[in-house]
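# Examination of the molecular architecture
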Amino acid sequence: MSLDDLVVSTEKIDTVYVTKLQGNLNNFTSEKCIKSVLNSLKHGSVILDLEELNMVTTQGIIAFKTLSEEAFLHKHKIILINLPLSVRQAFLMAGVRNLFPIANNEEAAFKMASRSSR
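Residues numbered from 1 in each chain as written. Predicted model: local features only at pLDDT ≥ 70, side-chain atom pairs only at ≥ 80, totals over all residues. Heavy atoms only, no water.

Going by the annotation in an unreviewed UniProt entry, the name recorded for the protein is Anti-sigma factor antagonist, with Leptospira bandrabouensis given as the source organism.

Now for the UniProt feature "domain: STAS" (unreviewed entry) in the protein. As annotated in UniProt, the feature "domain: STAS" (unreviewed entry) corresponds to residues 6-113 in the numbering used here. With 43% helix and 31% strand, residues 6-113 has its two end C-alpha atoms placed 25 Å apart. (UniProt positions renumbered as here; feature names shortened; annotations may be inferred. Helix = DSSP H or I, 4+ residues; strand = E, 2+ residues; numbered from the N terminus.)

Okay, helix 1 (residues 30-41) next. Its twelve residues place the ends of helix 1 16 Å apart at the C-alpha level, agreeing with the 16 Å of an ideal helix rising 1.5 Å per residue. Along helix 1, the positions that sit buried rather than exposed are Ser30, Cys33, Ile34, Val37, Leu38, Ser40 and Leu41. In a view along the axis of helix 1, the buried residues occupy a sector of 160 degrees, so they form one face of it. (Expected span 1.5 Å × (residues − 1). Buried < 20%, exposed > 50% of the residue type's maximum accessible area, 1.4 Å probe, protein only. Arc of directions from axis to C-beta.)

This part takes up the nonpolar core. Formed by 28 residues in total, the largest nonpolar core has its most connected members in Leu48, Leu50, Leu53, Phe64, Ile78 and Leu80. Every element with two or more residues in this core is listed here: strand 1 (6-13), strand 2 (16-25), helix 1, strand 3 (46-56), helix 2 (58-74), strand 4 (78-81) and helix 3 (85-93). Those residues in contact with Ile78 that lie beyond four places of it in its chain are Val37, Leu41, Val46, Leu48, Leu67, Ala71, Phe100 and Pro101. Ile81, Ala103, Met112 and Ala113 belong to the second-largest nonpolar core, a separate cluster that totals nine residues. (Core = buried A, V, L, I, M, F, W, Y, C linked by side-chain atoms within 4.5 Å. Contact = heavy atoms within 4.5 Å.)

For the structure shown, the criterion picks out two aromatic pairs. Here Phe64 and Phe91 contribute two aromatic rings whose centre-to-centre distance is 5.2 Å and whose plane-to-plane angle is 75 degrees, an arrangement assigned as edge-to-face. Of this pair, Phe64 sits in helix 2 while Phe91 sits in helix 3; the two residues are 27 residues apart in sequence, bridging distant segments of the chain. Assigned by exposure class, Phe64 and Phe91 land together as buried. Their ring planes at 70 degrees and their centres at 6.0 Å tell us that Phe64 and Phe100 sit as a pair that is edge-to-face. (Phe/Tyr/Trp six-rings, centres within 6.5 Å; stacked < 30°, edge-to-face > 60°.)

With respect to the helices, strands and loops of the structure, Asp49 is situated in strand 3. Within the structure, Asp49 has its side chain in polar contact with the side chain of Asn82 (distance 3.0 Å). Not counting residues within four places of it along the chain, the set of residues in contact with Asp49 comprises Thr19, Lys20, Leu21, Ile81 and Asn82. (Polar contact = N/O pair within 3.5 Å; in protein donor to acceptor, adjacent residues only side chain to side chain.)

Set out below in structure tokens:
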């Protein structure tokens, strides 16, 4: 997979959208990520599965911040699951904390998503 590859797949389960990101989130792929998640966010909360996300650059962090703002505006939640160490480190290096709730597994994420929004 090259640096400009990001596969975004979304599945709707009840009223929650589960979106899996595979590849790299950077200046080549951040717009694709934002557009895909926003399409789901307009209709309900989103669980972002990051298990197969290999790399997040500064532009990727900016994409996450944009998604956080959009979630607030749409009054829905974005919940992260399966954060690889590299993604956790990118958040720490960027000084990003508590941007999104993080669930230990998909079941916990669904419980968080089903609670009333903000």
